[in-house]
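# Geometric and topological summary
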Amino acid sequence: MSTPTPAAMKHAPSQQGRTPSGQQGRTPSHFPAATPPVSTPFSNAAQAAFSPRGQRSSPQHVKKSPATMGMTGQSAMASLNFDSPSTAAAMGALGIGNGFDMGLEGVGGLDGVGAAYASEDEKLRRLETIIKMLNEKKGMVSEAGLERLAQRLGMELLSEEHSTPGGRKTKTLAIAGSAVALDIVLDNNIVQNATLSYHGNAASVTKHIDAASQILLKDLQLLPGQSPLTKTLERFAINFERLAKLDKLSIVPGLDCQEALTSMYSSLERLHEWDLEQVRKDSAMSGKSDALIQSAAMCTRNGNPIMHERGRVGLAVQYWKEMRFIAPSAGQETTDKRKIWSMLLGCAAIDGVGLPPVRVSDNWISKDIVKQDDMTGALAPMLDWQEPENVSLPQSDENKDAGMDLLQADLSTTRVPRVMFTVTFDPPVILPQNEWARLYTFAGVEPPNPPTDFNRQPPTFDALFFPIVPGSRQDPSAARTIVRRRQVPMINTHNEPLTRTHQNSLFIYKPIYSQEISEMPFAHPRQLVDMMPLLRQYAFLSILLENSFGREDKSPAEPEIMPVAQLIEPEKSHTSTMKDQLADFMNLDAADQKASAGLPVNVPADLSLDIILWVHPSPHMQVVFPMRDTTANITLSILEGGLVQIINENVLGEAPGPQKEINGRLVTRDHLARILEHLEDLSKWAEWIRSRL
């Protein structure tokens, strides 16, 4: 349906509610007698002084009571000035501290009622904390919930009622901005249809608008068997807020942020099509399925751009995925739930200096993709990136605050929008401090100053990936051990499935200060391509740690398929220091005492796997596990691009190579590295080595 016009529609009903008589729009003169006010036990200051369950007194008695003198007209507590030094001294003399000793120190992030009056900055910070907590809850899918969301986003809202042929009343809500509008049809607060429309002039936006509309409709509609009481606005709000933000940042005439992103998608899509052609020419990919070719282009070349896909509105560039060497089963391509690492592209207002403004072009890269004159003597063809012109805004009072003057190469100035491109990493990436700063270097911007808190140590890589349990005592400068016991499904050399119990221990002897990056500005898609090798390096490291240890201890799954050893109480995951390990060693006789008392004890695992991790100057691991009558000791490095390199090992022999023959085939260090890249799990990798070598 078309967007309703304001003349044919009425504004949404007020949130004020009805008058006490239940009728609206009538003055008191319309009633034969005055309606008595609604009274509650706490509707006035005098009654608030008494317990609701206590004996009620008449208003005359309350007025004459000495205990309530001063309550008529204003509360007696209102005359108490908390900013007064004399009041503070009196409160201290009475033993009343911050929070009035009522245990308010931890309520809603407040450190105490008295502390809230310390400064205006402190009160503003606490207010922002409360608003942030309230904004996290988007409400339920309903007419009122959609109205509140539209008001929060600062968009126009119009409503119109319709009658269906069956006599039912439906309502259409039109949420409109400057260029986008969404019409939502509700029947008794249940969404029947949602249509997104675009009123700009960019054809690149129009051809993608239907895909975005389908995502928004799916976010609002009930799932099969779902109750309207449980349908929240969470997913819809995330997607629609992204569109609303781009709409508010646009400047008419001059800049359309929707067009800026869809035009960039056109350039990135052209580059991706060229990548697919190059991958198909590779002899190693001969005969591979289209899904594996797509995965190889995404994870080894320049990423895979998508627009309004995977339930997310907007432009994203995928650069890594789990199990990238395994194609989905037939018929499961659209339901593949494997984790994908992406960069979400958007826009934001420029709030600093030295940040580049948004440019609009579909020729960020040339039509030929590569530079034709630089093909000779180059190991790989160089991409022919272009530098589009800046957006020039007309000089007018409307864009006076939305634009800024930019000095050009010819020393002339032009009016450009105060808007920049942003990239949001999904999921966020944990990087050591030096690599975190290098990522900003790729974008050509200065890294922000890390937050300083003199009461806390800067975060370390292991603490960000494996958060320390609140309340535990862990010195950030001390060594740390993380232990997990897990069930490892595997297939032996006879192709028989079995499950083995592993006890994996991760040792971090050198904590490295690190940062988790979630969003940053950028100016050119070339910068995103330059970031990908580094991002893939730490994405693969996170997969190894997640699959081998998990962010948290996970209880065993199906009890009926657990081996007998696991039916006895499993060893719980814990974080310990060297002192803790020494204390455990001194108390080894406790297990014997439990056994004699009939209490369950931990059964030894089938395999004990020890891994030492260090991430500076690059991610390295030393993997140690028993292997027949010896101990396997392998040191590996994770290179940029998510590649594994075996630095040292003792499982293949000394010479020549080193290599070892298995069933007539030579296995080298490069083979061991490729096996780990396929398995993405240190436990499975160790079992593969133990069973084959």
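Residues numbered from 1 in each chain as written. Predicted model: local features only at pLDDT ≥ 70, side-chain atom pairs only at ≥ 80, totals over all residues. Heavy atoms only, no water.

## Section: the packing of helix H5 (residues 143–153) against helix H8 (residues 234–249)
Contact geometry of H5 with H8 gives a least axis separation of 11 Å together with a crossing angle of 35°. Crossing of H5 against H8: the hand is right-handed. Mapping the contact onto sequence places Leu 146, Leu 149 and Leu 153 in H5 and Phe 236, Ala 237, Phe 240, Glu 241, Ala 244 and Lys 248 in H8. Here the contact of H5 with H8 is composed, by residue class, of 7 nonpolar, no polar and 2 charged. (Axes fitted to C-alpha atoms, helices over the stretch in contact; angles between N-to-C directions. Helix = DSSP H or I, 4+ residues; strand = E, 2+ residues; numbered from the N terminus. Left-handed = near helix turned anticlockwise from the far one by under 90°. Contact = heavy atoms within 4.5 Å. Nonpolar A, V, L, I, M, F, W, Y, C, P; charged D, E, K, R; others polar.)

## A few points about the packing of aromatic side chains
In the structure shown here, the tally under the stated rule is 9 aromatic pairs. Measuring from centroid to centroid gives 5.0 Å for Phe 465 and Phe 466, while their planes differ by 65°, and the two rings are edge-to-face. Phe 465 gets classed as buried once you look at its relative accessible area, which sits at 3%. Residue Phe 466 is classed as buried on the basis of its relative accessible area, which comes to 3%. Each member of the aromatic cluster is reached from another via a ring pair, and the members are Trp 364, Phe 421 and Phe 522. (Phe/Tyr/Trp six-rings, centres within 6.5 Å; stacked < 30°, edge-to-face > 60°. Buried < 20%, exposed > 50% of the residue type's maximum accessible area, 1.4 Å probe, protein only.)

## Looking at the sheet that holds strand S8 (residues 340–349)
Spatially, S6-S7-S8-S13-S16 is the arrangement adopted by the 5 strands of the open sheet, whose pairing is antiparallel. Edge strands, defined here as strands with exactly one partner in the open sheet, are strand S6 (304–309) and strand S16 (514–522). This sheet shows a mean twist of 30° between the axes of neighbouring strands, independent of strand direction. Sheet topology note: the S8/strand S13 (residues 419–432) ladder contains 8 bridges and is antiparallel. What sits directly across from Gly 346, in S13, is Thr 422. Relative to the sheet, helix H9 (residues 257–281) contacts S6, strand S7 (312–321), S8, S13 and S16, its axis offset from that of S6 by approximately 135°. Lying over the sheet, helix H13 (residues 525–548) contacts S7, S8, S13 and S16, oriented at roughly 60° with respect to S7. (Pairing = 2+ DSSP bridges.)

## Structural notes on unusual backbone geometry
With an omega dihedral of -5°, the bond running from Val 252 to Pro 253 counts as a cis peptide bond. Mapped onto the fold, Pro 253 is located in the loop between H8 and H9. Looking along the chain, the bond that leaves His 616 and enters Pro 617 is cis, with omega of 5°. Summarising the element assignment, Pro 617 is placed in the loop between strand S18 (607–614) and strand S19 (620–627). Of note in the backbone geometry, Glu 680 takes a positive phi value of approximately 55° without being a glycine.

## As for the pattern of salt bridges
Within this structure, the stated rule accounts for 23 salt bridges. With its nearest N and O atoms 2.6 Å apart, the salt bridge here joins Arg 126 to Glu 122. Taken together, the residues span about one helical turn, with Arg 126 and Glu 122 both in helix H4 (residues 120–135) at a distance of 4 residues. By relative accessible area, Arg 126 is classed as buried at 6%. Where Arg 438 meets Glu 435, a salt bridge forms, and the shortest distance between an N and an O atom there is 2.9 Å. Of the two residues, Arg 438 and Glu 435 are both situated in helix H11 (residues 433–443); the distance of 3 residues between them amounts to about one turn of the helix. Salt bridges sharing partners connect three or more residues here, namely Arg 324, Asp 670, Arg 674, Glu 677 and Glu 680. (Salt bridge = Lys/Arg side-chain N within 4 Å of Asp/Glu carboxyl O.)

## A look at H11
For H11, the set of buried residues is Glu 435, Trp 436, Leu 439, Tyr 440 and Ala 443. Here the buried residues of H11 occupy an arc of 150° about the axis, which is enough to place them on one side. Just downstream of H11 lies Gly 444, where phi reads positive at about 75°. (Arc of directions from axis to C-beta.)

## A closer look at a nonpolar patch on the surface
Together, Leu 124, Leu 127 and Ile 131 make up an exposed nonpolar region whose accessible area comes to about 260 Å². Along the chain, the position of Ile 131 falls in helix H4. (Patch = residues over 30% accessible without salt bridge, like charges linked within 9 Å, V, L, I, M, F, W, Y side chains within 5 Å. Areas by Shrake-Rupley, 256 points an atom, 1.4 Å probe, with all protein chains shown as cover.)

## Structural notes on the pairing of strand S2 (residues 156–163)
Here 8 bridges tie S2 to strand S3 (residues 169–176), and the two strands are oriented antiparallel to one another. Pairing of Ser 159 across the sheet is with Leu 173, part of S3.

## Notes on the packing of H8 against H9
The interhelical angle for the contact between H8 and H9, taken along N-to-C directions, is 115°, at an axis separation of 7 Å. Comparing their axes, H9 and H8 come out roughly perpendicular. Between H8 and H9, the residues in contact are Leu 243, Leu 246 and Leu 249 and Cys 257, Gln 258 and Leu 261, respectively. (Parallel < 35°, antiparallel > 145°, perpendicular 65-115°, else oblique.)

## A closer look at the environment of Lys 321
Assignment of secondary structure puts Lys 321 in strand S7. On the basis of relative accessible area, Lys 321 is assigned to the buried category, the value being 11%. In this structure, the C-alpha to C-alpha distance between Lys 321 and Arg 536, residues 215 residues apart in sequence, is 9.4 Å. Sequence-distant contacts of Lys 321, that is, excluding residues within four places in its chain, are made with Ser 295, Met 298, Cys 299, Asp 336, Arg 338, Lys 339, Ile 340, Trp 341, Ile 543 and Glu 680.

## Things to note about the environment of Leu 544
Tracing the backbone through its elements, the reader meets Leu 544 in helix H13. Taking the C-alpha atoms as reference points, Leu 544 and Leu 682, separated by 138 residues in sequence, lie 6.8 Å from one another. If near-sequence neighbours (up to four positions away) are discounted, Leu 544 is found in contact with Met 621, Ile 638, Leu 676, Glu 680, Asp 681 and Leu 682.

## Some remarks on the confidence of the model for the chain
The predicted model of the chain has a mean per-residue pLDDT of 78, with 71% of residues at 70 or higher. The low-confidence segment residues 1–116, where pLDDT is below 50, has 90 contacts with residues more than four positions distant or belonging to other chains. In the predicted structure, residues 555–601 sits below a pLDDT of 50 and forms 48 contacts with residues beyond four places in sequence or in another chain. (pLDDT = per-residue confidence, 0-100.)

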